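If you want the building blocks of each chain, they are given just below.
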Amino acid sequence: VVHTIPSYEIIFVRGMISMALLLPWLFRQGVGVLATRRLPLLLSRGALTSVGLITWIYALGQLPLAEVVALHFTLPLFGVILAVIFLREKIDAHRWAATAAGFAGTVVILRPGVAAIDPVAFVVLFSALAYAGTGVVTKVLVKTESSAAIVFYVSAVTAIAFAIPSALHWVAPTAMQWLMLVGIGLLNVLGQSCLNRSFVAADASFVMPFDFLRLPIAATAG
């Protein structure tokens with residue numbers, strides 16, 4: 001999809017589809033369920049997600065999938081560091097070891113000094129940092145906000161953020177691309193919901209290293 005549909009359009013459609021999938025929940029609970037005193041944090045979560053997404057999707061169109069995912073595995077390292085700084089979480093040796101081992105695997109795959117590093121790699125690193133920031137913000141939000149409300153707000157912010165460029169430079173997706181975009185929206189809702197619930201159950205520094213599981217999955221798919 002990223003080779004024919006602009007990144008901003010993918011994010012816009014992803015946000016709209018995600019909100020549409022959450023409408024049954026919203027109708028059942030009532031609009032009042034969106035009432036919050038954490039609007040600045042929710043907007044920050046949406047902004048960080050928008051930055052992380054646009055840089056991630058751009059990189060997917062420039063580099064092989066496995067390489068982009070491997071570079072993005074700096075996310076757990078950034079996440080653990082941010083959790084220590086902003087959440088005051090105490091990291092034991094096992095968590096540092098798991099994070100270091102996963103990051104070492106990423107370095108081995110990238111082979112710095114052996115293979116030339118594409119400048120787009122730094123875009124991926126910036127995306128990873130933004131996503132790590134969303135994890136820290138989410139850990140704070142789940143204490144008072146429902147998982148569905150967080151997903152709805154984030155989806156709304158990302159859709160609004162890229163609505164204008166999408167309207168001005170719309171590229172009509174094919175039937176197959178629409179199916180893919182719907183799939184992206186569905187996986188977004190499921191993925192964010194599961195992640196939010198995991199932040200309720202455990203520290204951010206414990207949850208984020210599980211992101212390394214994406215590497216073998218993406219390598220196989222790529």
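Residues numbered from 1 in each chain as written. Predicted model: local features only at pLDDT ≥ 70, side-chain atom pairs only at ≥ 80, totals over all residues. Heavy atoms only, no water.

S.K.: Looking at this model, I keep getting lost on the packing of helix α1 (residues 7-29) against helix α9 (residues 175-201). Mind explaining?
M.R.: Packed helices, taken two at a time, are described by the angle their axes make and the gap between the axes. For the pair α1 and α9, interaxial distance at closest approach is 8 Å and the crossing angle is 60°. With respect to α9, the axis of α1 lies oblique. Relative to α9, α1 is oriented so that their crossing is right-handed. Where α1 abuts α9, its residues I10, V13, R14, I17, S18, L21 and L22 lie against W178, L181, V182, I184, G185, L186, N188, V189 and Q192. (Axes fitted to C-alpha atoms, helices over the stretch in contact; angles between N-to-C directions. Helix = DSSP H or I, 4+ residues; strand = E, 2+ residues; numbered from the N terminus. Parallel < 35°, antiparallel > 145°, perpendicular 65-115°, else oblique. Left-handed = near helix turned anticlockwise from the far one by under 90°. Contact = heavy atoms within 4.5 Å.)

S.K.: Any chance you could explain the packing of aromatic side chains here in plain terms?
M.R.: If you walk through the whole model with that rule in mind, you get 2 aromatic pairs. Seen from their ring centres, W170 and W178 are 6.4 Å apart, and the 35° between their planes marks the pair as tilted. For W170, a relative accessible area of 39% gives the class partly exposed. In this structure W178 comes out as partly exposed when scored by relative accessible area, which is 36%. Summarising the aromatic geometry, the rings of F206 and F210 are spaced 5.5 Å apart at their centres and angled 65° between planes, so their arrangement reads as edge-to-face. (Phe/Tyr/Trp six-rings, centres within 6.5 Å; stacked < 30°, edge-to-face > 60°. Buried < 20%, exposed > 50% of the residue type's maximum accessible area, 1.4 Å probe, protein only.)

S.K.: I would appreciate a short explanation of the packing of helix α2 (residues 39-60) against helix α7 (residues 147-161) in the present structure.
M.R.: Two elements in contact, α2 and α7, have axes separated by 8 Å at closest approach and are oriented at 55°. Comparing their axes, α7 and α2 come out oblique. Relative to α7, the crossing made by α2 is right-handed. Listed contacts from α7 to L39, L42, L43, R45, G46, A47, T49, S50 and L53 of α2 are I150, Y153, V154, V157, T158 and A161. Its residues assigned to classes, the contact of α2 with α7 shows 10 nonpolar, 4 polar and 1 charged. (Nonpolar A, V, L, I, M, F, W, Y, C, P; charged D, E, K, R; others polar.)

S.K.: Can you walk me through unusual backbone geometry in this structure?
M.R.: Unusually for a residue other than glycine, R88 sits at a positive phi of about 60°. On the secondary structure map, R88 appears in the loop between α4 (75-86) and α5 (93-110). The class of R88 is exposed, set by a relative accessible area of 66%.

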